[in-house]
Amino acid sequence: MLLGLVQKTAKKKSVSFAVTLRHLGVFGLFSLAILDSSPLPTFGGPDILTAILAARHHSPWYEYSAAATAGSLLGAFITFRLARHAGLAYLDKYFGKTRVESISRLFERWGTGALAVSAAVPFPTPTSMFFAIAGAAKYPVKKFLIVVGVSRAVRYSLIAILAYHYGRHFVRAFQHPSQYWGWLLLLTVVIAGVAVSAVLINKRMETPSNAG
């Protein structure tokens, strides 16, 4: 009960922080997206802020999508590089050995697919953990940037497009997910499906060149 209260309070503060940053526009979104890809949780802050800004129609939707994607990719790369130098021993100490082992097993089994889905889904997930573990596991840098970049671009583009066209109704769905869980679940499945498909297509395109 106490844990639930703490999480609820932290989530409210994160949303309030995101609402405050909306006055900074694209720069605020870029900054929040960097933070979101670090071990510090923002509880979907960039998703909510992207929807809010796109719904206001002050700029084209793709500007917000690009800002969120760029900031997120930069934050992910920073987390990736730090973990690459620190190694799994540091991650065990920082995140907890049990948690790191469970995410590591998931990453070892699904690899790129797990990384793509964790970066694509618009619900709070331990995405920064996947970034860190990918770095510690010596995952290829170029491949990491492509997978995360595509996944985040798909995620924020769809959010921005829907918010731009449906305005406050879509924003309300993100701010009150329990009331619209069906639609948000569908959105999650679509985004994850598109991201994984893009990764698989890229992998198939690379196979012939590697074979040659």
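Residues numbered from 1 in each chain as written. Predicted model: local features only at pLDDT ≥ 70, side-chain atom pairs only at ≥ 80, totals over all residues. Heavy atoms only, no water.

Chemist: Help me understand the overall build of the chain, please; the structure alone is not making it clear to me.
Modeler: Each helix and strand counted, the chain has eleven helices and zero strands in total. A buried classification covers 42% of the 212 residues belonging to the chain. The long-range fraction of contacts in the chain, counting pairs at least 24 apart against all pairs at least 6 apart in sequence, stands at 77%. (Helix = DSSP H or I, 4+ residues; strand = E, 2+ residues; numbered from the N terminus. Buried < 20%, exposed > 50% of the residue type's maximum accessible area, 1.4 Å probe, protein only. Contact = heavy atoms within 4.5 Å.)

Chemist: Could you clarify how one ought to interpret the packing of aromatic side chains in this entry?
Modeler: Given two aromatic rings, one states the distance between the centres and the angle between the planes to describe the pair. One pass over the structure, following the stated rule, counts four aromatic pairs. Plain terms: the ring middles of tryptophan 61 and tyrosine 62 are 5.9 Å apart, the flat faces sit at 80 degrees to each other, and that makes the pair edge-to-face. In this structure tryptophan 61 comes out as partly exposed when scored by relative accessible area, which is 25%. Centre to centre, the rings of phenylalanine 107 and tyrosine 139 are 5.7 Å apart; their planes meet at 65 degrees, and the pair counts as edge-to-face. With phenylalanine 107 in helix α6 (residues 97-110) and tyrosine 139 in the loop between α8 (127-136) and α9 (141-166), this residue pair connects regions lying 32 residues apart in the sequence. Using a relative accessible area of 8% as the deciding quantity, one classes phenylalanine 107 as buried. (Phe/Tyr/Trp six-rings, centres within 6.5 Å; stacked < 30°, edge-to-face > 60°.)

Chemist: Is there a simple way to think about the packing of helix α4 (residues 61-86) against α9 in this case?
Modeler: For any two helices packed against each other, one specifies the crossing angle of their axes together with the interaxial distance. For the pair α4 and α9, the least separation of the axes is 8 Å and the interaxial angle reads 150 degrees. Judged by the inter-axis angle, α4 sits roughly antiparallel to α9. Crossing of α4 against α9: the hand is right-handed. On α9, the residues that touch Trp61, Ser65, Ala68, Thr69, Ser72, Leu73, Ala76, Phe77, Phe80, Arg81 and Arg84 of α4 are Val141, Phe144, Leu145, Val148, Gly149, Arg152, Ala153, Tyr156, Ser157, Ala160, Ile161 and Tyr164. Of the residues in the contact of α4 with α9, the class split is 15 nonpolar, five polar and three charged. (Axes fitted to C-alpha atoms, helices over the stretch in contact; angles between N-to-C directions. Parallel < 35°, antiparallel > 145°, perpendicular 65-115°, else oblique. Left-handed = near helix turned anticlockwise from the far one by under 90°. Nonpolar A, V, L, I, M, F, W, Y, C, P; charged D, E, K, R; others polar.)

Chemist: Sorry if this is basic, but what is going on with α9 here?
Modeler: Look at α9: 37 Å from first C-alpha to last across 26 residues, which is about the 38 Å you get at 1.5 Å a residue. A positive backbone phi angle near 55 degrees is found at glycine 167, which sits one or two residues after α9. (Expected span 1.5 Å × (residues − 1).)

Chemist: Help me understand the nonpolar core in this model?
Modeler: When a protein is soluble and globular, its nonpolar side chains tend to lie buried together. Leu91, Phe107, Leu115, Phe131, Ile133, Tyr139 and Phe144 are the most contacted members of the largest nonpolar core, which has 23 residues in total. Contributions of two or more residues to this core are made by α4, α5 (88-95), α6, α7 (112-120), α8 and α9. In terms of residues, this core owes the most to one element, α8, which gives seven residues. Residues within four places of phenylalanine 131 in sequence aside, it is in contact with Ser37, Ala76, Thr79, Phe80, Leu115, Ala119, Phe144, Val148 and Arg152. In this structure, Leu29, Leu32, Leu53 and Tyr156 belong to the second largest nonpolar core, which totals 13 residues. (Core = buried A, V, L, I, M, F, W, Y, C linked by side-chain atoms within 4.5 Å.)

Chemist: Before we go on, may I ask you to explain the confidence of the model for the chain in this structure?
Modeler: As a general rule, the predicted coordinates of low-pLDDT regions are not to be interpreted in detail. Looking at the chain as a whole, its pLDDT mean stands at 76, while 67% of the residues score no less than 70. Taken element by element, the predicted model of the chain shows its lowest mean pLDDT in helix α1 (residues 2-21) (48) and its highest in α4 (93). Here residues 1-10 is modelled with pLDDT under 50, and outside its nearest four sequence neighbours on either side it reaches one contact, counting other chains as well. (pLDDT = per-residue confidence, 0-100.)

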